[in-house]
Structures are given as structure tokens and as C-alpha cells.
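# Structure at a glance
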Amino acid sequence: MLKQLKEDIQAVFARDPAARNTLEVLTTYPGIHALIMHRVAHELWTKDCKGSARLLSSFSRFATGIEIHPGAKIGRRFFIDHGMGVVIGETAEIGDDVTLYHGVTLGGTTWNKGKRHPTLEDGVVVGAGAKILGPFTVGKNAKVGSNAVVTKEVPPETTAVGNPARFITKNKPKDDEENRRRDYAESIGFQPYAATQDQSDPILDGMRVLLDRIQLNEKRMNTLCQRLSLLDPTFKKQQLNEQPFSDEELKIIEEAKRECEAQSSQSKA
Ligand SMILES: CC(C)(COP(=O)(O)OP(=O)(O)OC[C@H]1O[C@@H](n2cnc3c(N)ncnc32)[C@H](O)[C@@H]1OP(=O)(O)O)[C@@H](O)C(=O)NCCC(=O)NCCS
């Protein structure tokens, strides 16, 4: 217990530049007070002294403004900065080296019993006022921006911001497919796509699908034009009057025509 307390105090020095000495941390940090009381309340809860555990956590809430249900599982070096208004539900699970700021809720969205609060893996940071609601996982080292409202799983190493939260994954290696899409998007002057390629967002995912579809349809149209110009030599002229061909399309049609002529001269010979 003492070893754990030492680690918890070290975590304050590591994550709060304003912390000056151990006495100050022990006497003026509500996050530390709430954590000490929670560790005792959780012991009581697991030893089936549920009434005493609830009483202690209610006192802790009164004294610190931080409400942690005694059933919540909390790992090592947990730090709640400022603290006021933090709520941690009964079935929440928190890994090691997690940081919460004031006003954070780790809450549920159902009145049913069973797992209904989130699991925060090691190294997660949750900004002031963020709400994480539901029995899903926030992956290792993920960050949740202040005031974000998160209602679905957050992948590891990801930043979730906004309401509803959108995910930002930095330094994601771009694969060939992604590069092809970006080049195509830029070639048709589709700037917003290129500007937001690092973000995972349902609208952007939809745009990716549309871009692939447009590219496929263009290929099909080019092939059809090729075939039609072979069947009907006036086709190219008619099309020019209605909707001019692009340089690329004209090149394809010319190539197809040359191939066709070569083939027909071979068969004549
Ligand atoms: C999210 C956070 C952790 C920053 O993470 P990051 O990975 O460094 O993200 P960036 O600063 O590069 O921002 C990435 C994008 O998210 C946006 N963003 C950052 N924080 C945001 C927030 N809280 N709400 C909405 N959007 C936010 C940025 O504007 C940027 O948008 P853009 O790509 O359109 O320009 C930080 O902004 C945050 O909210 N920290 C909590 C701090 C806190 O609560 N402190 C309380 C001290 S008392």
C-alpha cells in the first residue's frame, strides 16, 4: 500500500509541473486524497463490506468532489488533476499510468446490470470535461480531448476530439491504396479529401468508397468509348459536339483505333 502511494505521488510530479514537494502533494491534491480513499474502499468492496465501502466513497466525494464507485478497478500511478466533478462508474476499469482532468465522466448508457462503463488501457489521458460513455475500450496511450463525448471504442495511440468524437491518428504510414486515392482526388481537384487524410471519420470513409467507385466507373466508360468508336467511326465526332473528350480519353481512342487498324491490315494480309 505504501509502495503504491509512493508511486501515485511520483506520478503527480511526473505529470503536473506545478507540484513542488511531497508534503504539498499529500495535503493539497484532491486527486491523491480520492485515490487513497478509493484504494481502501475498493478493498472493503472486494471483501464484501459493501456498505462501509459506499460510506467511505461518499465521504471521499464530499471531501474532494471526486466520485469513484468502490467497485471500479484502478491501476498503478493513476492521477486525477484538479479533480472536481470527476465521476467513475462501478464497472469502469483503468489501467496503469492513466491521467484524468476535472469534469471527466466514465459513465454508462444503460440501467441494466453488468459491464456498462468504459475500460481505459495503460497510458490514456482524458481531457477536462470529457465524457466517455459505455462499456467499450479506450486503447493504450489514446488521448481524449477536453469536452469530447466518446460513445464508441477508441483505437490505441489515437486522439478522440469533439462531440460526437472523431478520431485522429497521427504518423499513420500511407499505403499504396491510400496514395492512389489521394493522387486521384488531387487530379480531379478534390482538395478536402487530401487535407484530411489522417482522420478516421464516417464521412471520410464514405468519400473513400465514392472515390474508388468514380475511378472504376471512369475506367469502364473509357473502355466503352473505345469499343463504341470501333463500331461506329462517327461516334468520336458526335461525342465531341456534346461533351468534349479529355486529352486522356482522346489518347485512348486514338490508341484503340490504331490497334484496330493494325489488326484489320494483318487479317487482310
Ligand atoms: C486532444 C489533446 C490531447 C491534443 O491532442 P493532440 O494529439 O496533440 O492533437 P492536436 O493538438 O494536434 O490537434 C489535432 C486536432 O484536434 C483539434 N482539437 C484538439 N483538441 C481539441 C478539443 N479538445 N476539442 C475539439 N478539437 C480539438 C485541433 O484543433 C486539431 O484540429 P485540426 O486537425 O482540424 O487542426 C488536447 O487538445 C486536449 O484536449 N488535452 C486535454 C488538456 C486538458 O484538459 N487540460 C486541462 C488542464 S487544467
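Going along each chain's sequence as written, the residues are numbered from 1 onward. The predicted nature of this model means local features are confined to residues of pLDDT at least 70 and side-chain atom pairs, given and counted, to a pLDDT of 80 or more, with totals for whole chains, interfaces and linings taken over all residues. Excluded from the side-chain calculations are hydrogens and water; all other atoms, namely the structure's heavy atoms, are used.

### Here we look at the packing of helix α3 (residues 30-46) against helix α4 (residues 50-64)
Rules: Between N-to-C directions, angles cover 0 to 180 degrees, with each direction set by a line fitted to C-alpha atoms, over the stretch in contact for helices. Strands here are runs of E lasting at least two residues and helices are runs of H or I lasting at least four, both read from the DSSP assignment and numbered beginning at the N terminus. The cut-offs work like this: below 35 degrees is roughly parallel, past 145 is roughly antiparallel, 65 to 115 is roughly perpendicular, and the gaps in between are oblique. The contact rule is simple, with two residues in contact once any of their heavy atoms fall within 4.5 Å. Throughout this entry, Asp, Glu, Lys and Arg are counted as charged residues, while Ala, Val, Leu, Ile, Met, Phe, Trp, Tyr, Cys and Pro are counted as nonpolar. The remaining residues, Gly among them, count as polar.
Between α3 and α4, the least distance of the axes is 8 Å, while the angle of their chain directions is 175 degrees. The pairing of α3 with α4 is recorded here as roughly antiparallel in orientation. Note on element contacts: α4 touches α3 through Lys50, Ser52, Ala53, Arg54, Leu56, Phe59, Ser60 and Thr64, opposite Pro30, His33, Ala34, Met37, Val40, Ala41, Leu44 and Trp45. Split by residue class, the contact of α3 with α4 holds ten nonpolar, four polar and two charged.

### Topic: the site of the ligand
Our working rule: To be near a molecule or strand, a residue needs just one of its heavy atoms within 4 Å of it. Definition of a polar contact: a pair of N or O atoms within 3.5 Å, with one able to donate and the other able to accept a hydrogen when the atoms are protein atoms, and with sequence-neighbouring residues admitted only if both atoms are side-chain atoms. The accessible surface values rely on the Shrake-Rupley method and a 1.4 Å probe; as for residues, cover is taken only from the protein chains in view.
By nearness alone, 14 residues border the ligand, and Ala128, Gly145, Ser146, Thr159 and Lys170 come closest of all. Within the backbone of Ala128, an N or O atom sits 2.7 Å from an oxygen atom of the ligand. Here an oxygen atom of the ligand and a side-chain polar atom of Thr159 are 3.0 Å apart. Burial of the ligand by the protein chains amounts to 51% of its free accessible area of 910 Å². Of all elements in the fold, only β14 (159-161) and β15 (166-168) reach the threshold of two or more residues within the shell around the ligand.

### Observations regarding the packing of aromatic side chains
This is how it is decided: To pair, rings of Phe, Tyr and Trp, with the six-membered ring standing in for Trp, must have centres within 6.5 Å; the planes then decide the type, stacked if under 30 degrees apart, edge-to-face if over 60, and tilted in the middle. Geometrically, a lysine NZ or arginine CZ counts as sitting over a ring once it is within 6 Å of the ring centre and also within 35 degrees of the ring normal.
Applying the stated criterion across every chain yields a total of zero aromatic pairs. Directly above the ring of Trp45 sits Lys50, whose terminal nitrogen or CZ lies 4.8 Å from the centroid.

### A closer look at the nonpolar core
Going by this rule: We define a nonpolar core as any set of buried Ala, Val, Leu, Ile, Met, Phe, Trp, Tyr and Cys residues linked to one another through side-chain atoms lying within 4.5 Å. Think of it in three bands: residues with accessible area under 20% of the maximum for their type are buried, residues over 50% are exposed, and the middle band is partly exposed, with areas taken using a 1.4 Å probe on protein chains only.
Within the largest apolar cluster, 31 residues are counted, with the highest numbers of intra-cluster contacts made by Ile88 and Leu100. Grouped together as the second largest cluster of nonpolar side chains are seven residues, Ile9, Val12, Ile32 and Phe79 included.

### Concerning the confidence of the model for the protein
If pLDDT is low for a region, its predicted coordinates should not be looked at in detail. Quick reminder of the rule: Across the chain, each position has a pLDDT score giving the predictor's confidence in that residue, from 0 to 100.
Per-residue confidence for the protein gives a mean pLDDT of 85, with 86% of residues at or over 70. Per-residue pLDDT stays below 50 along residues 192-197; that stretch engages in 13 contacts with residues further than four places along the chain or on separate chains.

### Things to note about the sheet that holds strand β4 (residues 87-88)
Which entries qualify depends on this criterion: When DSSP locates at least two bridges between a pair of strands, those strands are taken to pair.
Taken in spatial order, the five strands of this open sheet run β1-β4-β7-β10-β13, and their pairing is parallel. Since the sheet does not close on itself, it has two edges, and those belong to β1 (67-68) and β13 (149-150), each with one partner. The pairing of β1 with β4 spans two bridges and is parallel. Bridge assignment links Glu67 to a residue of β4, and that residue is Val87.

### Structural notes on the sheet that holds strand β11 (residues 137-138)
Reading across the sheet, the four strands line up as β2-β5-β8-β11 and stay open at both edges, with parallel pairing between neighbours. Looking along the sheet, the strands with just one partner apiece sit at the ends: β2 (73-74) and β11. As paired elements, β2 and strand β5 (residues 93-94) share two bridges and run parallel to each other. Among the inter-strand pairings, Lys73 is bridged to a residue of β5, identified as Glu93.

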